[in-house]
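# Coordinate inspection notes
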Amino acid sequence: MARVVILGGGIAGHTAALHLTRMLGRTNEVVVVTPNSMWNWIPSNIWVGVGRMDTEQVTFPLAPIYRRKGIDHRQALATAIHPEGTSDDHTPFVEVTYTDPTRQGETARLTYDFLINATGPKLNFGATPGLGPDGFTKSVCTAGHAVEASQSLAKAIEKMKRGEPQTIVIGVGHGTCTCEGAAFEYAFNVEHEVRQAGVRDLADIVYLTNEFELGDFGVGGLTFTQQGFQTTSKLWTESLFRERGIRAITGAHVERVEEGVVFFEQVDGSKDSLAFDFAMLLPPFRGVDLKAFDADGVDISEKLFAPNGFMKVDADYTAKPFADWRAEDWPKTYQVPSYPNIFAVGIAFAPPHQISQPRTSPNGTLIAPSPPRTGMPSGIMGKLAASNITALIKNGSKAKMKTASMSDMGAACVASAGSGLRDGSAASMTMYPVVPDSVRYPVTGRSVADTYGEIGLAGHWIKALLHYLFIYKAKARPGWWLIPE
Amino acid sequence: MDATDADIAAAPLPTDKTLSARQSVVVQFGRFLAINLKMFKIIRKDRH
Ligand SMILES: Cc1cc2nc3c(=O)[nH]c(=O)nc-3n(C[C@H](O)[C@H](O)[C@H](O)COP(=O)(O)OP(=O)(O)OC[C@H]3O[C@@H](n4cnc5c(N)ncnc54)[C@H](O)[C@@H]3O)c2cc1C
């Protein structure tokens, strides 16, 4: 009997856990270590942030599902990995600290045969002074943050109803942020709500981003075919900004935030500030606070983790200039080379480099969107790890490993631009592959036939449908595994 | 200085016809099927 321990019960870890129990049956043990009791469908936090949904609609308790599926659920935070065990007992283990209210603060060692690190991001608000819910801006990264954002937005709308103009700033709070798509969605949802409230003329909405140009989305932009022409996501996105009257500041690194003012530097080295009444700025991400030790207790964190805290896997991490980046740099199995029984999936794995071209301002400030690892790739990686671990358990070293590189993986993204069954709208996009491959697709790096964008009400219906489908799937209801990642 | 706002001002503005097609239930029902098909194609490609 083998024991698989999964760190993190988010999109990647939860997907891996459900597939592992399906593929392995109950003769093997699947343990999920995750600090929260609730599962959150993070993409719908955007709608919580504008008051269209409440937390109950985007979260549900994990315990009953894990009980039903025979998954050993530990409500705890992993703190250290010991991939070689100790000098006395070489069985690998992880150290955890319980967050479960009945065992709060208790520590334990959990041994494993296979480990999946799916701990996602640490929301690194600390990288920018004054950023985040403990500072002067809001966030929608967790359901709780989104509720606070919605309350603040409601106050701003109230003020506009009393005739007070409001400046609303939405975007990312650091030059190295990712998830620009989520900030974009929130900006357009806020615009939609303000319009619905009849106070659009009193709102100056500004999108503040580290993307060098609009439509970059951290993937270096997209080229679409539309009505017989090739067009860019830049032009397409700018058109939407024009139509909805949203201003934008691009190529920006937020240096600090003070009460009602955001200070930023742009790629050209210019520095400026912007006064705001309401601001939602996403934080930069880094790896969670996990350490690693060898059998003698020596700290080997640098061997397992990149400087940004994400786990190093089977990628080519050689530092090279943008012109030399290759599709093959990207990992295929997400296995840690030095410890092949460890996998890192979802946001937790260290990308070899950005996808979008990084830039440095004349003052030496790095302004470089980090590569997005959205829900679909995260789920695919979780399932891939589950299937490779199953193969390793069943066939040992003869197991044939499956691969899923982001340079050979597509993504479907639906960016909400306003909620409502009749008056909602969203930008639906597909891209293939996520990481451009200049060898297979020399002109644009991606398959033009599979890279696509369209705005309209249908996108909102799809986004709403995905909300219900993915929550159904995450609850492991009958036939859940038929719903693709 | 940032040219983004100038770029936005110069971007194509959808016509009233395009805007109403984007919100028309009938048109969008067709688009719903078409977009799902495109997404399904990507999902199939991902099944290595
Ligand atoms: C506001 C917002 C909107 C988004 N919208 C979309 C969208 O529309 N479409 C899309 O595809 N993607 C979207 N994304 C991205 C998507 O949420 C991520 O791609 C996805 O959540 C990544 O999955 P993950 O499992 O790697 O990380 P997560 O889902 O963040 O899961 C990580 C898990 O690990 C747990 N954890 C953390 N530390 C530890 C530890 N030390 N020990 C054990 N467990 C730990 C966390 O509590 C969490 O449960 C959005 C993201 C945000 C923030």
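What you are looking at is a predicted structure, and each value in this text was computed from that prediction instead of being measured. (Residues numbered from 1 in each chain as written. Chains lettered and ligands numbered in written order. Predicted model: local features only at pLDDT ≥ 70, side-chain atom pairs only at ≥ 80, totals over all residues. Heavy atoms only, no water.)

### Quick notes on the pattern of salt bridges
It is possible for side chains of opposite charge to pair when their charged atoms get near one another. Tallied over the entire structure, the rule returns 26 salt bridges over all chains. Residues D7(B) and K234(A) are paired through a salt bridge, measuring 3.3 Å at the closest nitrogen-oxygen approach. On the criterion of chain membership, the pair formed by D7(B) in helix α1 (residues 4-10) and K234(A) in helix α7 (residues 233-244) is interchain, its members lying in two chains. We classify K234(A) as partly exposed; its relative accessible area is 22%. Residues D408(A) and R440(A) are paired through a salt bridge, measuring 3.5 Å at the closest nitrogen-oxygen approach. Of this pair, D408(A) sits in the loop between α9 (375-395) and β25 (411-416) while R440(A) sits in the loop between β26 (426-431) and β27 (452-456), and the two are 32 residues apart along the sequence. (Salt bridge = Lys/Arg side-chain N within 4 Å of Asp/Glu carboxyl O. Helix = DSSP H or I, 4+ residues; strand = E, 2+ residues; numbered from the N terminus. Buried < 20%, exposed > 50% of the residue type's maximum accessible area, 1.4 Å probe, protein only.)

### Section: the site of the ligand
Residue and element names in this part refer to chain A. Near the ligand lie 31 residues; those nearest to it are A12, I347, R373, G375 and K463. In this structure, an oxygen atom belonging to the ligand sits 2.8 Å away from a main-chain N or O atom of A12. At 2.8 Å from an oxygen atom of the ligand is found a main-chain nitrogen or oxygen belonging to I347. For the ligand, the accessible surface in isolation is 990 Å², of which the surrounding protein chains cover 88%. Mapped by element, the contributors of at least two residues to the shell around the ligand are α1 (11-24), β2 (29-34), β5 (72-82), α6 (180-196) and α9. In the shell around the ligand, the residues fall into 17 nonpolar, 11 polar and three charged. (Near = heavy atom within 4 Å. Polar contact = N/O pair within 3.5 Å; in protein donor to acceptor, adjacent residues only side chain to side chain. Areas by Shrake-Rupley, 256 points an atom, 1.4 Å probe, with all protein chains shown as cover. Nonpolar A, V, L, I, M, F, W, Y, C, P; charged D, E, K, R; others polar.)

### Observations regarding the interface of chain B and chain A
Counting from both sides, the interface comprises 31 residues of chain B and, opposite them, 46 residues of chain A. Of the roughly 3,400 Å² buried at the junction of chain B and chain A (both faces included), carbon and sulfur atoms supply 61%. Summed over the shared surface of chain B and chain A, the number is five salt bridges. Where R22(B) meets E243(A), a salt bridge forms, and the shortest distance between an N and an O atom there is 3.0 Å. (Contact = heavy atoms within 4.5 Å. Buried area = accessible area lost by both parts, 1.4 Å probe.)

### As for the nonpolar core
All names here are of chain A. Core analysis: the biggest nonpolar cluster contains 128 residues, and I81, I116, I168 and Y186 have the highest contact counts within it. The element that contributes the greatest number of residues to this core is α9, accounting for nine residues. Non-local contacts of I168, meaning those with residues more than four positions away in its chain, are made with L153, M160, V190, V194, A203, D204, I205, V206 and F278. In this structure, V206, L208, V262 and F276 belong to the second largest nonpolar core, which totals 15 residues. (Core = buried A, V, L, I, M, F, W, Y, C linked by side-chain atoms within 4.5 Å.)

### Section: the sheet that holds β27(A)
Residues and elements named next belong to chain A. With respect to topology, three strands assemble into an open sheet ordered β25-β26-β27, the strand pairing being antiparallel. Edge positions in the open sheet fall to β25 and β27, since each of these has one partner strand only. Averaged over all pairs of adjacent strands, the angle between their axes in this sheet comes to 10°, without regard to strand direction. With six bridges connecting them, β25 and β26 associate as antiparallel partners. Of the residues in β26, the one forming a bridge with V414 is S428. Strands β26 and β27 of the sheet are contacted by α7, whose axis makes an angle of about 10° with β27. (Pairing = 2+ DSSP bridges. Axes fitted to C-alpha atoms, helices over the stretch in contact; angles between N-to-C directions.)

### Section: the packing of aromatic side chains
Residue and element names in this part refer to chain A. All chains considered together, the criterion is met by 12 aromatic pairs over all chains. Residues W39 and W41 carry aromatic rings whose centres are separated by 6.2 Å and whose planes lie at 15° to one another, so their mutual orientation is stacked. No difference in accessibility class separates W39 from W41, as the two residues are buried. Taking the centre distance of 4.8 Å and the plane angle of 45° together, the rings of F184 and F188 count as tilted. With F184 and F188 both in helix α6, this residue pair falls four residues apart, about one helical turn. Residue F184 is classed as buried on the basis of its relative accessible area, which comes to 1%. (Phe/Tyr/Trp six-rings, centres within 6.5 Å; stacked < 30°, edge-to-face > 60°.)

### Describing the packing of α6(A) against α7(A)
All names here are of chain A. At their nearest, the axes of α6 and α7 sit 11 Å apart, and the two run at 20° to each other. Accordingly, the angle class assigned to the pair α6 and α7 is roughly parallel. Note on packing geometry: the crossing formed by α6 with α7 is left-handed. Contacts between α6 and α7 involve F184, F188, E191, H192 and R195 from the former and T237, L240, F241 and R244 from the latter. (Parallel < 35°, antiparallel > 145°, perpendicular 65-115°, else oblique. Left-handed = near helix turned anticlockwise from the far one by under 90°.)

### Quick notes on the sheet that holds strand β16 (residues 261-266) of chain A
All names here are of chain A. In space, the three strands of this open sheet follow the order β15-β16-β17, with antiparallel pairing throughout. At either margin of the open sheet sits one strand with a lone partner, and together these are β15 (252-258) and β17 (271-275). Along the sheet, successive strands turn relative to each other by an average axial angle of 25°, direction set aside.

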